[in-house]
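Chain by chain, the residues:
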Amino acid sequence: MNLKKYFYMVGNAHLDPVWLWRWQEGSAEAKATIRSALDRMNEDPGFVFVCSSMSVYKWVEDFSPEMFEEVRKRVKEGRFKIVGGWYVQPDCNNPSGEGFARQSLYSQRWFFEKFGVTAETGYDVDSFGHNLSIPQILRRSGMKNYIFMRPGEHEKHMETNVFHWTSPDGSEVLSYRIPDPYCHNFNSEEEIDNRLAQISERPDCGIDCAPFFYGVGNHGGGPTKRNLELIRDARKRHPESEFIYSDLTDFFDHIREEEKLGEVKIPSFYDDLQHHASGCYSAVTSIKEGIRHAENALLAAEKFSTVSMKLLGREYPDFKRAWLDVCFCHFHDSMGGCSIQGAYEDAKYMYGEALAVAARAQNNALQSISWAIGTDRSEGTPVVVFNPHPWPVKQVITVNAQAQTVKKNGRQIPLQYVLSPTKACMGREDTIFEAEIPPMGWSVYRMCEGDREEFVSEVKAEEFALENSLLRVEFERRTGYIKSMIDKSTRKELVKGRAAVPVVIDEYEHDTWSHGRNYFDKKVGQFEDARFEILENGPVRACIKVVSTYEKSELAQYFRIESGKKELEVTAKVNWREKHKMLKYAWSFDIEDPTSFYEIPFCHIERPANGEEEPGLAWAAVSGKNYAVGITNDGRYSHSIKGGEISVTAVRSPIYADHGGCRHSELPFTDQGESSFKYCVMPMEKIDFSVLTRSGKELNQPLVNIIENCHSGELPEEFTTLSTSEKNITVTAVKKAEDCGDIVIRAVETEGRACECSFEGQIANGSVSVAFKPYEIKTVMISKDGCREVLITEFEE
């Protein structure tokens, strides 16, 4: 038997805090697993244990301070190795860029506070695919290595399991794909020898070493006494090899040394790592919606709280606990939708807590600011409209009042009445109007008495059509599908065939993960028998409601078109009663030579338009020689694009945590009942990644308004606190620094072109200039003395 010269023995216990159990049981397994690992150290002076996830360490600290002190001692000795650098092992496709940033920010800082060290190796051995921004996120979080397992060789062929994984900005991490299970419990000489032989057969660029993962896992456990006994025995039986208790850093350092000496050449890899468990991009919509809403609510609240702190000296809230709730929900079996139903009942109060924290903080900040604005200088009731983004935003807002007129700077603007949730009690309507708000600032509008001016409406709803000055949309009478969408500026017909088709897909043969099935194209029907109702009809907006049915399910779609905008907004509300089925909204466009693009954390990626199910965040787009169309959304993560057809996956209904066991009649199905989300169809003559990225953020973090009263104040009626000079720079976070009063701005380049960007306004203490490489993430710390670039963790680079 020809064995590798060096085996790096990685003792670990894969610990799912939730999966086929709820988090309380996971926490109990965490303390038992850590106790077992410490006992093995007491028995074997050379044994090293590898453990990821701040949440596990925090449970031990909370449950047993004495055991936590033992862990601290062993970390100091180098025998209890911290890996991962994140709160959990998250889903590595669906969290936002800022979601990943907060995994690093809070965990790496906590590890340094408690242990004096931070993780050097990213560790996501069980996640279901890995987005292309991860190398840059890791590097900017102080990590230089990455260990993962999925997708396996049968899902994605790679010439070698060791490679330099490279993000679009050029950041790279030395990465290794584990070719076999991350937890292996061997109990005989034959078992360990077979595994050693299998590992040694892999060429992996000719490296003379390999990691050997061992220990009981999933529900915790870790290396056993028998495991360690057999490792000691293997040392005697195989003197030609060295068996090194490993912390993984030594394994990666070994490879780097071989490469430095010219003994091996490690290739670079420039793609994301897909596909495994494609059903997890869409399973259990509630957890995905909840996380999306919580992430964006916290980000908006942070920005408004920073403005309140900077302008008025208000105390900045503590968002850490709320973010850790969201980070826990990022766990791959949670956000991936493949846990038991009880895990999602728990998740609701976790992201619900985050939403409550964000709502209180945002309201405190906005009420403080609006109270400081001098609003006694004009007639009417002031409505202060706030923009959370450092670029100008035009958006239709809804005010909980029925105004006779709305004015801006003394001039009337178009308004419109729409159905109010108070109508059954108060008998009145709400008011909508288009607000135009400066970057990360506010404007004051006035609801006034008096005669209303007549404005010529360029928005109209007909019985089966919507139209404004830029688009005309026509519907089929029987089905409710869109048969025509014309870009009036180019006279181009965008629809090829039909669009907005609610397609039902059969999934009886799929499990919850959809193992081994990456295409969802077994169509068994569609919603039909449409009923139309005109709900709104200019001058600000027109809306047609289309209700259709499929077997036991009913779908209501609200199609809206606004004045002066080349986009169609759709709110889809479905009462879903199907089992083992999927619902997709299919939009077929006339696109020549199409290519598909998807937003991923902090970036976007091009993929083939071949109909395969793909993960994506707030937008997906198809682009060709003649045109492009993007679709933004506020709570869905799964799409397929085939040719010019974009399909947004809305709901899936497998059995919870169905993994090929027994499908008992009493087991619950996912996504049953009512759910809704909003998406916008955006035609464009040429794809514009900055427009798509910013539009996605505007949909997920909309303008906010407060009805104020007339009073004096030191702040003006219109103000900007932060703006950016370049449209290809998107700001993702503005917050107070973790350990001082400085302000942190995080931003990313979105178009693939280098630039120098100026950040201007009081948040930036006037103006600061920052250079960006293509697709680069920058975290900038602004103080009274200037600005400096730091890591995502807010440590110095």
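Heads up: these notes are all about the structure in this document. Worth saying up front: this structure is predicted, and the values here are computed from it rather than measured.

A tally of regular secondary structure across the chain gives 14 helices and 46 strands. Relative to a compact globule of 797 residues, whose C-alpha radius of gyration would be 28 Å, the chain shows 28 Å and is just as compact. Taking the principal axes of its C-alpha atoms as reference, the chain extends roughly 95 × 60 × 50 Å. Counting only residues that meet the buried cut, the chain has 64% of its 797 residues in that class. Within the chain, contacts between residues separated by at least 24 positions form 72% of all contacts whose residues are at least 6 apart in sequence. Carbon together with sulfur atoms contributes 47% to the accessible area of the chain, which is approximately 29,100 Å² in total.

Any pair of aromatic rings gets described here by the distance separating the centres and the angle formed by the planes. Per the stated rule, a full pass over the model turns up 45 aromatic pairs. Both rings, one in F304 and one in F386, keep their centres 6.1 Å apart while their planes meet at 75 degrees; by these two values the pair is edge-to-face. Here F304, found in helix α9 (residues 285-312), pairs with F386, found in strand β11 (residues 381-386); they are 82 residues apart in sequence, far enough to count as distant. According to the relative accessible area criterion, F386 is buried, its value standing at 1%. Plain terms: the ring middles of F475 and F559 are 5.0 Å apart, the flat faces sit at 65 degrees to each other, and that makes the pair edge-to-face. Placement of the pair is F475 in strand β20 (residues 471-475) and F559 in strand β27 (residues 553-562), with a sequence separation of 84 residues. Owing to a relative accessible area of 1%, F475 belongs among the buried residues under this scheme. Taken together through their ring pairs, the aromatic side chains of F47, F49, Y57, F68, F80, W110, F111, F115 and Y245 make up a single cluster. In this arrangement the basic side chain of R292 is found over the ring face of Y637, its NZ or CZ atom lying 4.5 Å from the centre. For the cation-ring pair, R663 lies above Y508, with the distance from its terminal atom to the ring centre recorded as 5.0 Å.

Below, the discussion takes up the sheet that holds strand β5 (residues 145-148). Adjacent strands of a sheet form backbone hydrogen bonds with each other and so pair up, either parallel or antiparallel. Here we have five strands laid out as an open sheet, ordered β4-β5-β7-β6-β10, and mixed in their pairing. Looking along the sheet, the strands with just one partner apiece sit at the ends: β4 (121-124) and β10 (268-269). Relative to strand β7 (residues 172-177), strand β6 (residues 162-166) runs antiparallel, the two being bridged by five bridges. Considered in β7, the bridge of F163 is made with S175. Against the sheet, helix α8 (residues 249-260) engages β4, β5, β6 and β7, with an angle of about 110 degrees to β7.

Per the counting criterion, the structure on display carries 70 salt bridges. Salt-bridge contacts for E476 lead to R498; the nearest nitrogen and oxygen are separated by 3.6 Å. Of the two residues, E476 sits in the loop between β20 and β21 (482-487) while R498 sits in the loop between β22 (492-493) and β23 (501-506), which places them 22 residues apart along the sequence. Overlapping salt bridges bring together K460, E462, E467, R472, E474 and K488 as one network.

Within the fold, F795 resides in the segment after β46 (786-790). Remark: the alpha-carbon pair of F795 and I482, spanning 313 residues in sequence, is separated by 52 Å. Excluding its chain neighbours within four sequence positions, the residues that come into contact with F795 are Q108, R109, F112, T118 and V790.

This structure, assessed with the given rule, holds nine cavities of 30 Å³ or more. Around the largest cavity sit 28 residues that line it, and S96, G97, E599, L617 and K697 are the ones nearest its centre. Residue assignment for the lining of the largest cavity shows that the elements contributing at least two residues are α4 (97-115), α9, β30 (595-600), β31 (603-607), α14 (689-700) and β42 (743-749). Considered class by class, the residues forming the lining of the largest cavity number 11 nonpolar, 11 polar and six charged. There is about 180 Å³ of room inside the second largest cavity. Lining the second largest cavity we find 19 residues, and of these A13, L15, C51, S52 and Q89 sit closest to its centre. At the level of elements, α1 (23-43), β2 (49-52) and α2 (54-63) are the ones that each hand at least two residues to the lining of the second largest cavity. Sort the elements by how many residues they give to the lining of the second largest cavity and β2 lands first, with four residues.

Moving on: the packing of α4 against helix α10 (residues 320-329). For any two helices packed against each other, one specifies the inter-axial angle together with the distance between the axes. Interaxial distance between α4 and α10 falls to 10 Å at its minimum, and their mutual angle equals 115 degrees. Relative to α10, α4 is oriented so that their crossing is left-handed. Within the contact between the two elements, α4 uses G99, R102, Q103, Y106 and W110 and α10 uses K320, W323, L324 and C327. Its residues placed into classes, the contact of α4 with α10 shows five nonpolar, two polar and two charged.

Turning our attention to the environment of I641. You can see I641 is positioned in strand β35 (residues 638-642). Looking at I641, the relative accessible area reads 1%, which means it is buried. Each C-alpha atom of the pair I641 and R177 lies 28 Å from the other, and the pair is 464 residues apart in sequence.

We now examine the packing of α10 against helix α12 (residues 341-372). Orientation of α10 relative to α12, taken along the N-to-C sense of each, is 150 degrees, at an axis distance of 8 Å. α12 is crossed by α10, and the crossing has left-handed handedness. Contacts between α10 and α12 involve R321, A322, D325, V326, F328 and C329 from the first element and A347, M350, Y351, E353, A354 and V357 from the second. Residues of the contact of α10 with α12, tallied by class, amount to nine nonpolar, no polar and three charged.

So, on to unusual backbone geometry. Cis geometry is adopted by the peptide bond preceding H275, which originates at Q274 and carries an omega value of 0 degrees. Assignment of secondary structure puts H275 in the loop between β10 and α9. Residue P539 is bonded to the preceding G538 through a cis peptide linkage, with omega at 5 degrees. Residue position: P539 is located in the loop between β25 (528-537) and β26 (541-550).

Next up on the list: the layout of surface pockets. Reported here for the second largest pocket is a volume of approximately 330 Å³. For the second largest pocket, the lining is made up of 14 residues, of which V418, L419, S420, E536 and R560 are closest to its centre. Those elements that place two or more of their residues in the lining of the second largest pocket are β15 (416-418), β25 and β27. Of the residues that constitute the lining of the second largest pocket, the class distribution is six nonpolar, two polar and six charged.

Right, let's talk about the pairing of β6 for a bit. Side-chain direction in a regular strand flips from residue to residue, so the side chains alternate between the two faces of the sheet. In terms of burial, β6 is a largely internal element, five of the five residues being buried. Burial along β6 is two-sided: V162, H164 and T166 facing one way and F163 and W165 facing the other are all buried. In sequence, β6 turns back onto β7 through a hairpin of five residues, with G170 there showing a positive phi of about 100 degrees. Of the strand pairs in this sheet, β6 and β10 are connected by two bridges, and their pairing is parallel.

Pairing in this open sheet of three strands is antiparallel, and the strands run β12-β16-β15 from one edge to the other. Of all the strands in the sheet, just β12 (393-399) and β15 have a single pairing partner and so form its edges. This sheet shows a mean twist of 40 degrees between the axes of neighbouring strands, independent of strand direction. The pairing of β12 with strand β16 (residues 430-437) spans seven bridges and is antiparallel. Considered in β16, the bridge of V399 is made with T431.

Analysis parameters
Residues numbered from 1 in each chain as written. Predicted model: local features only at pLDDT ≥ 70, side-chain atom pairs only at ≥ 80, totals over all residues. Heavy atoms only, no water. Helix = DSSP H or I, 4+ residues; strand = E, 2+ residues; numbered from the N terminus. Rg over C-alpha atoms; globule rule 2.2 N^0.38 Å. Buried < 20%, exposed > 50% of the residue type's maximum accessible area, 1.4 Å probe, protein only. Contact = heavy atoms within 4.5 Å. Areas by Shrake-Rupley, 256 points an atom, 1.4 Å probe, with all protein chains shown as cover. Phe/Tyr/Trp six-rings, centres within 6.5 Å; stacked < 30°, edge-to-face > 60°. Lys NZ or Arg CZ within 6 Å of the ring centre and 35° of its normal. Pairing = 2+ DSSP bridges. Axes fitted to C-alpha atoms, helices over the stretch in contact; angles between N-to-C directions. Salt bridge = Lys/Arg side-chain N within 4 Å of Asp/Glu carboxyl O. 1 Å grid on protein atoms, 1.4 Å probe; cavity = no way out; pocket = protein on both sides within 12 Å on 5 of 7 lines; lining within 4 Å. Points joined across faces, edges and corners; volume = space filled by probe spheres on them. Nonpolar A, V, L, I, M, F, W, Y, C, P; charged D, E, K, R; others polar. Left-handed = near helix turned anticlockwise from the far one by under 90°.

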